[in-house]
Amino acid sequence: NQIKIVFNSLLTVFTDTFYRILVMSLFIIITLFNFLINILILNYDLLALAVTANYFDLESKIKIFLNSIASVATLPFGSLVIIILLSALLAILISIFTFYFNQQLILKKETRVGISGLVIGFLGIGCSACGSLVLSSLIGFTTATALIGFLPLQGLEFGLFGILMLLLAIYLTALKVSLLNNCKI
């Protein structure tokens, strides 16, 4: 029954053309941003050298950056799928939040759970390299490397956790959308 309520809430939000355009625009922007982050992580040394070295002119620096875009193809298929799923779910969540906030003049206490899901989901965006980067800053590089080595999916678990958190945030927010016309006061 709650799944039907959530589905109807999503239909309510996305039957409006504004929110369909918003979700598609956000998806494109977030996906490009995620791939840009992965390009920077995968090619950090090369790009840092190109930017700081005096023997590259501007045209060469631009060519080096554009050629580094191909490095995204070296990401494992699972990482690419997780990046795209996280981008789509984050775009959906932001669109639903926008709809909800536009319908509410006062932010209710219950929406903080959804905001937490949004923040956690945003931190979980990326491949296992990004997840390990965040994890290594929290527990140290050596410990993070050892931990990721023991994980069955070699760090993709971080992306899967981000997907689950975003799905939970979408679910909770969609339930809130369904209650917009049912004032408790």
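Residues numbered from 1 in each chain as written. Predicted model: local features only at pLDDT ≥ 70, side-chain atom pairs only at ≥ 80, totals over all residues. Heavy atoms only, no water.

Q: Which parts of the structure should I look at to understand the nonpolar core?
A: Side chains of a nonpolar character, in soluble globular proteins, are inclined to be buried together. Core analysis: the biggest nonpolar cluster contains 22 residues, and V13, F14, L93, F99, L166 and V177 have the highest contact counts within it. Put simply, the parts of the chain that give this core at least two residues each are α1 (2-14), α2 (17-42), α5 (77-103) and α9 (156-178). The dominant element in this core, judged by the number of residues it contributes, is α5, at 10 residues. When neighbours within four sequence positions are excluded, F99 is seen to be in contact with T12, V13, Y19, V177 and L180. Counting 5 residues, the second-largest nonpolar core is a separate cluster that includes F35, I39, V72 and L75. (Core = buried A, V, L, I, M, F, W, Y, C linked by side-chain atoms within 4.5 Å. Buried < 20%, exposed > 50% of the residue type's maximum accessible area, 1.4 Å probe, protein only. Helix = DSSP H or I, 4+ residues; strand = E, 2+ residues; numbered from the N terminus. Contact = heavy atoms within 4.5 Å.)

Q: When you look at the confidence of the model for the protein in this model, what are you seeing that I'm missing?
A: Predicted coordinates in areas of low pLDDT are best not read in detail. In the predicted model, the protein carries a mean pLDDT of 75, and the fraction of residues at 70 or more is 68%. Per-element mean pLDDT across the protein ranges from 44 in helix α7 (residues 128-139) up to 91 in α2. Taken as a whole, residues 121-142 scores under 50 in pLDDT and shows 41 contacts with residues more than four places along the chain or in a different chain. (pLDDT = per-residue confidence, 0-100.)

Q: Which parts of the structure should I look at to understand the packing of aromatic side chains?
A: In this description, a pair of aromatic rings is defined by centroid distance and the angle of the planes. Summed over all chains, the structure comprises 5 aromatic pairs. Plain terms: the ring middles of F18 and Y19 are 4.9 Å apart, the flat faces sit at 85 degrees to each other, and that makes the pair edge-to-face. Since its relative accessible area comes to 47%, F18 is described here as partly exposed. Residue classification places Y19 among the buried residues on the basis of a relative accessible area of 5%. Each member of the aromatic cluster is reached from another via a ring pair, and the members are F18, Y19 and F99. (Phe/Tyr/Trp six-rings, centres within 6.5 Å; stacked < 30°, edge-to-face > 60°.)

Q: Help me out: how do you make sense of the pattern of salt bridges in this one?
A: Opposite charge on two side chains permits them to pair, given that their charged atoms come into close proximity. Considering all chains together, one arrives at 1 salt bridge under this definition. Between E59 and K63 there is a salt bridge, with the nearest N and O atoms lying 3.3 Å from each other. Note that E59 and K63 are positioned in helix α4 (residues 58-68) at a spacing of 4 residues, about one turn of the helix. Given a relative accessible area of 47%, K63 falls into the partly exposed group. (Salt bridge = Lys/Arg side-chain N within 4 Å of Asp/Glu carboxyl O.)

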